[in-house]
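Coordinates in review
Here are the chains, one letter per residue:
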Amino acid sequence: MKDPTRPADKPVLVTDEEGNALPEEGISGGAGVGQNNQTGFPSVKLSAIVVTEPVKYAIINNEVVYEGQSWRNVLLSQVKPYSIIIKLNDLEKEITISKTDFITESNYEN
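A brief report on the enclosed structure follows. What you are looking at is a predicted structure, and each value in this text was computed from that prediction instead of being measured.

1. Notes on the overall build of the chain
If you tally the helices and strands in the chain, you get 1 helix and 9 strands. Starting at the N terminus and ending at the C terminus, the chain contains elements arranged as β-β-α-β-β-β-β-β-β-β. Split into buried and exposed, the 110 residues of the chain put 29% on the buried side. Counting contacts in the chain only where the partners sit at least 6 residues apart, residues at least 24 apart contribute 33% of the total. By element, 49% of the accessible surface of the chain is carried by carbon and sulfur atoms, the whole surface being about 8,000 Å².

Here it is as structure tokens:
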């Protein structure tokens, strides 16, 4: 569906949360499926991080990806409480979750 507020025949630069340029068609699918052409990393929309014992995983582009699991063409190398590290060959990229409201597990005694 064409954006009715977009000027006719004018290119639009679409970026991810980190400011990396994305192809417009990568966003239209709703999941940020484009690739960063400079490095080959896929576009990542980090929605949630879960760090519990013994499981660590992240919700990336609406998919559950566990620490150590391959996703698209990268490896989810590490899941931290507020960020993840993905690897592509010898390159690493750290992605921080953009939300400022965090839910943490606490022990409550009655």
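Having seen the model, we can carry on.
2. As for the pairing of strand β7 (residues 74-79)
A regular strand carries its side chains on alternate faces of the sheet. Bridge count between strand β6 (residues 70-71) and β7: 2 bridges; the pairing is antiparallel. In the strand pairing of β7, S70 is matched with L75. Where β6 folds back on β7, the antiparallel hairpin that results is connected by 2 residues, among which R72 adopts a positive phi of roughly 50°. Of the strand pairs in this sheet, β7 and strand β8 (residues 83-88) are connected by 4 bridges, and their pairing is antiparallel. Across the sheet, residue L75 finds its bridge partner in β8, namely K87. Counted along the chain from β7 to the antiparallel partner β8, the turn is 3 residues long.

3. Some details on the nonpolar core
V44, L46, I60, L76, I84 and I86 are the most contacted members of the largest nonpolar core, which has 16 residues in total. Secondary structure elements with two or more residues in this core: β3 (46-51), β4 (56-60), β7 and β8.

4. A few points about a nonpolar patch on the surface
On the surface, V55, V64 and Y66 cluster together into a nonpolar patch covering about 230 Å² of accessible area. By the element assignment, V64 lies in strand β5 (residues 63-66).

5. Describing the pattern of salt bridges
This structure, assessed with the given rule, holds 3 salt bridges. Ionic pairing is found between E63 and R72, a salt bridge with its closest N-O pair at 3.2 Å. Note that K87 and E92 form a salt bridge whose closest N and O atoms lie 3.6 Å from each other. K87 gets classed as partly exposed once you look at its relative accessible area, which sits at 29%. Classification of E92 by relative accessible area gives exposed; the value is 52%.

6. Quick notes on the sheet that holds β3
The strand order across the open sheet built from 3 strands is β3-β4-β5, with neighbouring strands paired in antiparallel fashion. Strands at the two margins of the open sheet, each flanked by one partner only, are β3 and β5. Going across the sheet, the axis of each strand differs from the next one's by a mean of 20°, ignoring polarity. Relative to β5, β4 runs antiparallel, the two being bridged by 4 bridges.

The rules behind these values
- Positions within a chain are numbered from 1, following the residues in the order the chain's sequence is written.
- In keeping with the predicted nature of the model, local features appear solely for residues at pLDDT of at least 70, side-chain atom pairs appear and are counted solely at 80 or more, and the whole-chain, interface and lining totals rest on all residues.
- Only hydrogens and water are set aside when side-chain values are computed; all heavy atoms of the structure are taken into account.
- In DSSP terms, a helix is any run of H or I states spanning at least four residues, a strand is any run of E spanning at least two, and both are numbered starting from the N terminus.
- Each residue's exposure class comes from its accessible area (1.4 Å probe, protein chains only) as a fraction of the maximum for that residue type: buried when under 20%, exposed when over 50%, partly exposed otherwise.
- By the convention used here, residues are in contact when the closest approach between their heavy atoms is within 4.5 Å.
- For the accessible areas, the method is Shrake-Rupley and the probe is 1.4 Å, while residue cover comes only from the protein chains on display.
- Note on pairing: two strands pair once DSSP finds at least 2 bridges between them.
- Nonpolar cores were defined as sets of buried Ala, Val, Leu, Ile, Met, Phe, Trp, Tyr and Cys residues, with membership established by side-chain atoms within 4.5 Å.
- Residues enter patches when they are more than 30% accessible in relative terms and free of salt bridges; like-charged ones are connected within 9 Å and nonpolar ones (Val, Leu, Ile, Met, Phe, Trp, Tyr) within 5 Å.
- Salt bridges are identified by distance alone: a Lys or Arg side-chain nitrogen within 4 Å of an Asp or Glu carboxyl oxygen.
- To get an axis, a line is fitted to the C-alpha atoms, and for a helix only the part in contact is used. The angle between two axes follows their N-to-C directions and goes from 0 to 180 degrees.

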